[in-house]
Amino acid sequence: PFLIYFYISIFLFPIEIYNYWLIEKAGRKIRANPDMLVIAVTGSYGKSLTKDYLAAILRKKYKVIKTEGKNNTAIGVARTINKKMESDTEIFIAEISAYQQGEIRLLCELIRPKIGVLTAINNQYRSLFKSLENIRKTNYELVESLPKTGFCLFNGNNINTYGLYQKSHKSKILYKSSKTSSVDVASEKEIVAANIVRKQKRISFDVSIKGK
């Protein structure tokens, strides 16, 4: 065991140095493009689909890059930045996740998001975080990291993200789906989807955005 530990340590140290260099390089690229809009998406589930839908829509008008697959840790996000980000990139959509408290805060220090999206929170990672409250606190690190000029979107159909919406005093928007067949007029801080029709290859719905 001691011999195995020795050899692992020999290889682990240069890998850690290399990863640190990749993250530092990504941070420099982010700082060199202060006009780029960064959108961070987190939650227990629904992150990847939300990120992919956002990218598909925003690419119609802007030059967009996004994290690929489940590369939502610091090193995965850094690799995306170093590989894809260019000086004319307008929007970066990052799926971010954590395996312990404080990781989302550190990721936000790296990518500097202006918009946050909380998809949904449940007990999926309870074995890592020990309690649902710790999961809630970890996801809320994204909200706390947003600048005064930023804002966060919260899923109103999930009780845990709705609770964080009520807790937050920052600029915020609640998005949710309605089971009714007609759009309930949303308040000035809500986006509501209603009259939802699911078909084999598409989905349609009506939307009330901030009262319209």
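Here the structure is shown first, and the text comes after it.
Quick look at the structure, then. (Residues numbered from 1 in each chain as written. Predicted model: local features only at pLDDT ≥ 70, side-chain atom pairs only at ≥ 80, totals over all residues. Heavy atoms only, no water.)

## Re a positive patch on the surface
Part 1 of the argument: A contiguous patch of positive charge, built from Lys25, Arg28, Arg31 and Arg112, is present on the exposed surface.
Part 2 of the argument: Mapping arginine 31 onto the fold places it in helix H1 (residues 2–31).
Part 3 of the argument: For arginine 31, a relative accessible area of 45% translates into the label partly exposed. (Patch = residues over 30% accessible without salt bridge, like charges linked within 9 Å, V, L, I, M, F, W, Y side chains within 5 Å. Areas by Shrake-Rupley, 256 points an atom, 1.4 Å probe, with all protein chains shown as cover. Salt bridge = Lys/Arg side-chain N within 4 Å of Asp/Glu carboxyl O. Lys, Arg positive; Asp, Glu negative; His and termini not counted. Charge placed at Lys NZ, Arg CZ, Asp CG, Glu CD. Helix = DSSP H or I, 4+ residues; strand = E, 2+ residues; numbered from the N terminus. Buried < 20%, exposed > 50% of the residue type's maximum accessible area, 1.4 Å probe, protein only.)

## What to know about the packing of aromatic side chains
Two numbers describe a pair of aromatic rings. These are the distance of the centres and the angle of the planes.
Part 1 of the argument: If you walk through the whole model with that rule in mind, you get 2 aromatic pairs.
Part 2 of the argument: Between phenylalanine 154 and tyrosine 165, the ring centres sit 5.6 Å apart and the planes meet at 70 degrees, which makes this aromatic pair edge-to-face. A residue pair is termed long-range when its members are at least 10 positions apart, and phenylalanine 154 in strand E5 (residues 151–155) and tyrosine 165 in helix H7 (residues 159–167) qualify at 11 residues.
Part 3 of the argument: An angle of 20 degrees between the planes, with centres 6.1 Å apart, marks the rings of tyrosine 162 and tyrosine 165 as stacked. A residue pair is termed a helical-turn pair when its members lie 3 or 4 positions apart in one helix, as tyrosine 162 and tyrosine 165 do in helix H7 at 3 residues. (Phe/Tyr/Trp six-rings, centres within 6.5 Å; stacked < 30°, edge-to-face > 60°.)

## Some points on the state of the cysteines
Part 1 of the argument: Summed over the entire model, instances satisfying the criterion amount to 0 disulfides.
Part 2 of the argument: Cysteine 108 takes part in no disulfide bond, and the closest cysteine sulfur, belonging to cysteine 152, lies 9.7 Å away. (Disulfide = S-S within 2.5 Å.)

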